[in-house]
Amino acid sequence: MSSSRVSSERVPVLETDRLVLRGHRVGDFGDCLALWTNPEVTRFIGGKPSTQEEVWSRLVRYVGHWALLGFGYWVVTEKESGRFMGEIGFADFRRVIEPSLDGVPEIGWVIAPHGHGKGYATEAARAVVAWGDGHFGPVRTACIIAPENGPSIRVAEKCGYREWQRTTYKGNPTIMFVRSS
């Protein structure tokens with residue numbers, strides 16, 4: 001059986017002063033699993049740790065975004081050490097949410113607990129927003145954040161996102177933020 005692979009080299013590498021953002025690789029699965037099974041990480045994102053199967057599906061979905069849509073999520077690594085710090089990017093999740101986000105690139109980020117409080121989320125988000133401005137052109141982008149997630153709300157605001165609407169997603173209160181480039 002022959003197979004073709006979407007290479008992580010098709011994903012642009014973004015660098016900031018302290019971080020490198022690159023495409024996901026199969027070898028990232030262990031770090032992704034540790035991230036998404038940590039209750040501290042998932043308390044505002046779904047409310048419960050992910051299973052191994054869910055984490056694998058997420059990793060494959062990230063690669064699929066790049067292959068099908070030309071945008072997606074990056075792995076965030078610390079430039080100096082190469083240590084995995086989290087994930088960030090734009091997606092089209094086809095969420096069932098009102099108001100609809102259909103056709104609106106949705107940015108999201110997650111930083112591992114060992115990277116919290118260091119400004120990594122803001123640094124990575126600014127790099128991804130700048131990439132998005134160049135890639136998508138003058139369009140609106142959005143993100144959804146749990147109202148209790150103060151640190152992520154601050155990251156969004158620092159990157160130019162403003163509260164647009166309060167709604168629910170999967171039965172949980174959420175805030176939609178939007179940014180126009």
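The rules behind the values
Residues numbered from 1 in each chain as written. Predicted model: local features only at pLDDT ≥ 70, side-chain atom pairs only at ≥ 80, totals over all residues. Heavy atoms only, no water. Helix = DSSP H or I, 4+ residues; strand = E, 2+ residues; numbered from the N terminus. Rg over C-alpha atoms; globule rule 2.2 N^0.38 Å. Buried < 20%, exposed > 50% of the residue type's maximum accessible area, 1.4 Å probe, protein only. Contact = heavy atoms within 4.5 Å. Areas by Shrake-Rupley, 256 points an atom, 1.4 Å probe, with all protein chains shown as cover. Salt bridge = Lys/Arg side-chain N within 4 Å of Asp/Glu carboxyl O. Axes fitted to C-alpha atoms, helices over the stretch in contact; angles between N-to-C directions. Parallel < 35°, antiparallel > 145°, perpendicular 65-115°, else oblique. Left-handed = near helix turned anticlockwise from the far one by under 90°. Nonpolar A, V, L, I, M, F, W, Y, C, P; charged D, E, K, R; others polar. Arc of directions from axis to C-beta. Polar contact = N/O pair within 3.5 Å; in protein donor to acceptor, adjacent residues only side chain to side chain.

Draft legend 1. Geometry of the overall build of the chain. Secondary structure assignment for the chain yields five helices and eight strands. Relative to the compact-globule value of 16 Å for 181 residues, the chain shows a C-alpha radius of gyration of 16 Å, a close match. Referenced to the eigenvectors of the C-alpha coordinate spread, the extents of the chain come out at roughly 45 × 40 × 35 Å. Within the chain, the fraction of its 181 residues that count as buried is 49%. Residue pairs at least 24 apart in sequence account for 62% of intrachain contacts in the chain once pairs closer than 6 positions are excluded. Accessible area for the chain stands at about 9,600 Å²; split by element, carbon and sulfur atoms hold 50% of it.

Draft legend 2. Region of interest: the pattern of salt bridges. Applying the stated rule across the entire model yields seven salt bridges. Of the charged contacts, one joins D28 and R22 as a salt bridge, the two residues approaching to 2.8 Å between their closest N and O atoms. Judged by relative accessible area, R22 falls into the buried class, the value being 14%. Residue R179 is joined to D133 by a salt bridge in which the shortest nitrogen-to-oxygen separation is 2.8 Å. Separated by 46 residues along the polypeptide, R179 in strand β8 (residues 172-180) and D133 in helix α4 (residues 120-136) bring together distant segments of the chain. Look at R179 and you get buried, because its relative accessible area is 15%. Residue class for D133 comes out partly exposed when judged on its relative accessible area of 30%.

Draft legend 3. The arrangement of the packing of helix α1 (residues 29-36) against helix α3 (residues 52-69) in detail. One can describe the packing of α1 onto α3 by two numbers: an axis separation of 9 Å at closest approach and a directional angle of 120°. As summarised for this structure, α1 and α3 are arranged oblique, according to the angle between their axes. Our pair here, α1 against α3, has a crossing hand that is right-handed. Packed against α1, whose contacting residues are F29, C32, L33 and W36, the element α3 presents Q52, V55, W56, R58, L59 and Y62 at the interface. Tallied by class, residues from the contact of α1 with α3 come to eight nonpolar, one polar and one charged.

Draft legend 4. Region of the structure containing α1. Among the residues of α1, F29, C32, L35 and W36 are the ones counted as buried. One side of α1 carries all its buried residues, which in axial view fall inside an arc of 125°.

Draft legend 5. Structural view of unusual backbone geometry. Residue P99 is bonded to the preceding E98 through a cis peptide linkage, with omega at -5°. The residue P99 is located in the loop between β4 (84-91) and β5 (106-111) in this model. Of note in this structure, R94 is not a glycine but carries a positive phi near 55°. Its location among the elements puts R94 in the loop between β4 and β5. Its relative accessible area of 65% is what places R94 among the exposed residues. The backbone of K170 shows a phi angle near 55°, a positive value even though the residue is not glycine. The topology assignment puts K170 in the loop between β7 (162-169) and β8.

Draft legend 6. Geometry of the environment of R83. Counting through the fold element by element, R83 comes out in the loop between β3 (73-78) and β4. With 49 residues separating them along the chain, R83 and G132 place their C-alpha atoms 25 Å apart. Residues in contact with R83, not counting those within four places in the same chain, are V76, T77, E78 and H114. Among the polar contacts listed, one links the side chain of R83 to the side chain of H114, at a separation of 3.4 Å.

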